[in-house]
Amino acid sequence: MTVKVAVIHYSATGTVHTLAQAVAEGAASTGAEVRLRRVAELAPDKAIDSNPRWRQHADATAALEEATLDDLAWADAYAFGTPSRFGAPAAQLKQFIDQASGLWQAGQLADKPVTVFTAAYNRHGGAEATILSLSNVFYHWGALIVPPGYTDPVVFAAGGNPYGTAATGDAEDGPEASTLVAARYQGERLARTTLRLHAGTQALATPDTLDGADSELSAQSG
């Protein structure tokens, strides 16, 4: 059985993009089919050019395919990544999500596992608030939130954030190695949870399984 995972993110200077790559690697390690996508940039060139690292990253990832609503319809599970903006997701990612109302109304976003990762300059710079803010969207979708929790030692090694992997600082060499390990674990956990969900759904839909359940209910009622 193969599941499909969409890793959709926004990254200005590259930190969240590096996390997204690690999440995608973790999901792919389970055999999942993975789409790594970036959302469209909304900032004007003047703003991007004001930060050399922002311009460098924008140019370096220009060939990376942009996320579309088709990616949401295609996927069995989602991993969303964003830098923290005053404790909330970046406008670029939120603008993409805001386009999904048609899929939401059609019920195509419900019952799909979802997880979030982020980055903030300081350890207490809004990472947890950003993840929780995005979770409000997923409650409306009827999605199944899959946090890393405290389910593996790698979470503690990366700072102990149970809500989602969060990089800190603004180092030019990217997130710390322990953070990338946690991001890979988060992607793997998302994919494995989706696999178990699909396996259970498939088992419930198997005629033999249903017949057995009906027989058991009949015996109990008798």
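Just so it is clear, the structure is predicted and the values come from calculations on it, not from any experiment. (Residues numbered from 1 in each chain as written. Predicted model: local features only at pLDDT ≥ 70, side-chain atom pairs only at ≥ 80, totals over all residues. Heavy atoms only, no water.)

## Digging into the nonpolar core
- Ile8, Leu72, Tyr78, Phe80, Phe138 and Trp141 are the most contacted members of the largest nonpolar core, which has 29 residues in total.
- For this core, the elements supplying multiple residues, two or more each, are strand S1 (4-9), helix H4 (69-74), strand S3 (77-85), helix H5 (91-98), strand S5 (113-120) and helix H7 (127-141).
- Dropping the residues within four chain positions of it, Tyr78 is found in contact with Ala6, Asp71, Leu72, Gln108, Leu109, Lys112, Pro113, Val114, Thr115, Trp141 and Leu190.
- One finds Val7, Leu19, Ala167 and Ala191 within the second-largest nonpolar core, a separate group that totals 23 residues. (Core = buried A, V, L, I, M, F, W, Y, C linked by side-chain atoms within 4.5 Å. Buried < 20%, exposed > 50% of the residue type's maximum accessible area, 1.4 Å probe, protein only. Helix = DSSP H or I, 4+ residues; strand = E, 2+ residues; numbered from the N terminus. Contact = heavy atoms within 4.5 Å.)

## Brief notes about the environment of Gly107
- Its place among the elements puts Gly107 in the loop between helix H6 (101-105) and S5.
- Taking the C-alpha atoms as reference points, Gly107 and Tyr10, 97 residues apart in sequence, are found 25 Å from one another.

## Concerning the pairing of S5
- Most of S5 is tucked away: 8 of the 8 residues are buried.
- Every second residue of S5 is oriented toward a common face, with Pro113, Thr115, Phe117 and Ala119 on one face and Val114, Val116, Thr118 and Ala120 on the other, all of them buried.
- With 6 bridges joining them, S3 and S5 adopt parallel strand pairing. Within S5, the position partnered with Pro83 by the bridge is Ala119.
- Where S5 meets strand S6 (residues 144-145), 2 bridges bridge the pair, whose relative direction is parallel. If you follow Val114 over to S6, its bridge partner there is Ile145.
- Examined bridge by bridge, S5 and strand S7 (residues 166-168) share 3 bridges and lie parallel to one another. The residue of S7 that forms the bridge with Ala119 is Ala167. (Pairing = 2+ DSSP bridges.)

## Some thoughts on the confidence of the model for the protein
- Per-residue confidence for the protein gives a mean pLDDT of 92, with 92% of residues at or over 70.
- A low-confidence stretch, residues 213-222 (pLDDT under 50), is modelled with 0 contacts involving residues beyond four sequence positions or located in other chains. (pLDDT = per-residue confidence, 0-100.)

## Remarks on the pairing of S1
- Of all 6 residues in S1, 5 are buried, a share of seventy percent or more.
- Of the pairings in the sheet, the one linking S1 to strand S2 (residues 33-38) comprises 6 bridges and is parallel in character. Each residue of the ladder has a partner; that of Val5, found in S2, is Val34.
- Running through helix H1 (residues 15-28), the crossover from S1 to the neighbouring parallel element S2 is right-handed.
- One ladder, built from 5 bridges, connects S1 with S3; its direction is parallel. Its bridge partner being in S3, Ala6 is matched across the sheet by Tyr78. (Right-handed = clockwise from strand over helix to strand, strands pointing away.)

## Here we look at the packing of H1 against helix H9 (residues 177-205)
- Between H1 and H9, the shortest axis-to-axis distance is 6 Å and the interhelical angle comes to 45°. Classified by the angle their axes make, H1 and H9 are oblique. Crossing geometry of H1 relative to H9 is assigned as right-handed. When H1 is examined against H9, the residues Thr18, Leu19, Ala22, Val23, Glu25, Gly26 and Ala27 are found in contact with a partner set consisting of Thr179, Leu180, Ala183, Arg184, Gly187, Glu188 and Ala191.
- Of the residues assigned to the contact of H1 with H9, the class counts are 7 nonpolar, 4 polar and 3 charged. (Axes fitted to C-alpha atoms, helices over the stretch in contact; angles between N-to-C directions. Parallel < 35°, antiparallel > 145°, perpendicular 65-115°, else oblique. Left-handed = near helix turned anticlockwise from the far one by under 90°. Nonpolar A, V, L, I, M, F, W, Y, C, P; charged D, E, K, R; others polar.)

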